[in-house]
Structure formats: structure tokens, C-alpha cells
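Structure at a glance
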Amino acid sequence: MMPAAARAAPPVDRLRLPPGFHVAVLTDRVPSAREMAIGAQGTLFVGSMSAGAVYAVPLLPGGRAGRVRVVARGLTMPVGVAFRDGDLYVSEPRDILVLRGIEDRLDDPPAPVVAVSGLPWRAGDHGWKFIAFGPDGKLYVPIGAPCNICDVGHRFGKLMRMNPDGTGREDVAWGIRNSVGLTWHDPGHDLGQSLGQPGRFVLWFTDNGRDLMGDDVPSDKLNRLDHAGESFGYPYCHQGDVPDPVFGRLHGCAEFTPPVLKLGAHVAALGLRFYDGAMFPHEYRGALLIAEHGSWDRSRLAGYRVMTVRFGADGRVASYAPLLDGFQQDQIPWGRPVDVQPLADGSVLVSDDLAGAIYRVTYDGAARGAR
């Protein structure tokens, strides 16, 4: 790993935003930064992929970051982090680890202990896991397909939930190739009211489409789970309306839940969160922010941006437009967005695993034009 002092600062001046928005580097000392979670005392926790580390970043007044600590190291793809009741949960391919009372011990972190063991895993693709606690108090864990396209049976290509100690496991959704982003929305806010679901939280998630069907098919998806047991098509149907060349003869697309929105082929849509803050303009309230990691197998790059999905009064998608763009120029990427995390002050953090950085997006109403 390149020493911190030798890394070039991320060139944020290349990033483009709507008028009145601004972006700055919160920290560039988080190599391979992936999922983010906020602790009860205002600590930002960040998982990683290749670095095998979990970081703690104190969030200070004025949008500044305190000294970055490594609170766990030597782990296997600890991509996912989730905070609950003072404890930090961290994903590995087979297990979920927990660091107890972590915010009181940032300088002397506890050793991770196994909270959940024996998760389905097989050598291959998509073994890393984005994890999250739902409003029901359950830990949600996606189990990706260990392949580009294959018969996943009942062990893979699904979403599980369980108690924090791993008991009470159940499968709640099927037909999911690779979800690396889960979120819920408070029905007391704009979108939930428009959906007419008072008192009910709905799970939203991204899903990456298969490869080797060309540049423009199939699309990544934004999905919504309205009730346990829904299936979203993999490996039989892609993007809601494209039968798989091999498996499509076994089940038709009409048998599965279609996506809320097609996000584009190979954009690698990952972390997503609803925006309910007061800093951004009103039209962003209740909108969904999605980090697109970017393509690796397309003749022209796609993704490498953070997108905004806005909804109309009827709950349907009204628009899909960039919030933060410019992580690649002339087909050469310098950054890859992974996750988005709104803060209490209304600003939004974006993790970038290629630059090893966290950015903070703000709005001050001064329409200076996009950079």
C-alpha cells in the first residue's frame, strides 16, 4: 500500500455538480473505502475491500474530520459496516464480526468477535457484503451470486435477515445477482406519504446486472421490496424484461417483480440512501441518492458518478439525474463512488475506493454554476 504521504490529493476540482452545490475532501486517508455508517457519538465508520481494514473518522464541527484511526485490520473484504446499540458490525464473506463499545475505544479498539457465522459463501464473484440494520431491528445481509450467470439454487442470489446474533435467520427476497446497497425510508416523510403506506417501512436496494451481453444490456436495477418472498428475476430475467439467453426458457419475466428504475448497463450501482435533510433545495427532500461505482467491461465507461432519483406525488420516478459527476476523464477513471451517507447537518458524504477518500457535498444556495 502506498504510504499516505505519497498519495496525490483527489482532484475534486474536476467534479461537476448542479449550481449552488460544492464538494470538498473530508479525508483521503481511507484506502479502499467502501460502506459507511455513523455512530451514536458522531463517528464515521468506513469499511474497505482490498485494504482489509475498518476505519473510524471523528466528524468535527464545520465539516472537518478528526484523526483517522484503523479500528480493525487483517480482515477479509470487510466491505460492510453497520452500527447498533454502541456496537459496530463488520462483514466478511462467511461471517459478521462485531466490535463492542467501539466509540469509547477508538484509540484502543476491542478485538472483533464473531456475531454471525456460517453465511453462504463459495469462491467466485460477489462474496463481499453490504450490511444494514432495518427498522425492525434485524440485520439484513445480501448473499450474492458466486458467478456472472449460473443456477444459484436456494443458497445464493438472495437477501437474508436475522437477529444481531445470527439467530432467527430467514430469506426475504430472491432473484438478486449482486446487491451492494440497502436502505429504508421513513414513511413519515415525503415519499412514504405519497406511497400511502403510513407506519410501514419499505426496503429499497440496488442490483448489478450480468455481464457479457453487450455494452447496453442488461441494466442495473433499483428495486423495492414490498413484502417478504418477492423474487427479482436472476438468473432467468434481467432488468425486468430481458430473458437470459440460457436460463430464460425456464421462467418468464412476468413471473418476477420488475425494477422501479433501470439505472443503466454496467454502471455498478452500489450504496444508496434517501435524502431527508434541510441543507439541499426542497426538491431533493425524499429523493434517493445512488453511488455508481462505474463499469469495467464496457467499450465506453459508464457510471462513475452519484445520481439523484426524484419521485412524483404519485410515488413514481420523476427524474434520474447526476448530483456528482466527473470521476473519469477521457475514459480514464481517477475515482469510483461506492456509498453515500447523509449527515444531520444536511450535507452528504461520498466514499471513493479508488482514491481512498471521503468527500462532503454541501449546498449554500449560491448558484455559481457547475464546475
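A brief structural summary. (Residues numbered from 1 in each chain as written. Predicted model: local features only at pLDDT ≥ 70, side-chain atom pairs only at ≥ 80, totals over all residues. Heavy atoms only, no water.)

1. Considerations on the sheet that holds strand β23 (residues 287–292)
Taken together, four strands build an open sheet; the order of strands is β22-β23-β24-β25 and the sheet is antiparallel. Two strands bound the open sheet, and with one partner strand each, they are β22 (269–275) and β25 (317–325). Geometrically, the sheet is characterised by an average inter-axis angle of 25° between neighbouring strands, direction not taken into account. The pairing of β23 with strand β24 (residues 305–311) spans five bridges and is antiparallel. By the bridge assignment, Leu-288 is partnered in β24 with Val-309. (Pairing = 2+ DSSP bridges. Helix = DSSP H or I, 4+ residues; strand = E, 2+ residues; numbered from the N terminus. Axes fitted to C-alpha atoms, helices over the stretch in contact; angles between N-to-C directions.)

2. Re the pairing of strand β4 (residues 54–60)
A large share of β4 lies buried, amounting to five of its seven residues. Across four bridges, the pairing between strand β3 (residues 43–48) and β4 is antiparallel. Across the sheet, the residue bridging to Val-46 is Tyr-55, located in β4. Here β3 folds back onto β4 in antiparallel fashion, the turn holding five residues, of which Gly-52 has a positive phi close to 65°. Bridge count between β4 and strand β6 (residues 69–72): three bridges; the pairing is antiparallel. Residue pairing in the sheet places Ala-56 in a bridge with Arg-69 of β6. Pairing between β4 and strand β5 (residues 64–65): two bridges, direction antiparallel. (Buried < 20%, exposed > 50% of the residue type's maximum accessible area, 1.4 Å probe, protein only.)

3. A look at the environment of Asp-216
Residue position: Asp-216 is located in the loop between β16 (202–207) and β17 (219–225). Placed 39 residues apart in sequence, Asp-216 and Arg-177 show a C-alpha to C-alpha distance of 18 Å. When neighbours within four sequence positions are excluded, Asp-216 is seen to be in contact with Ala-265 and Arg-298. In this structure the side chain of Asp-216 is engaged in a polar contact, spanning 2.6 Å, whose partner is the side chain of Arg-298. (Contact = heavy atoms within 4.5 Å. Polar contact = N/O pair within 3.5 Å; in protein donor to acceptor, adjacent residues only side chain to side chain.)

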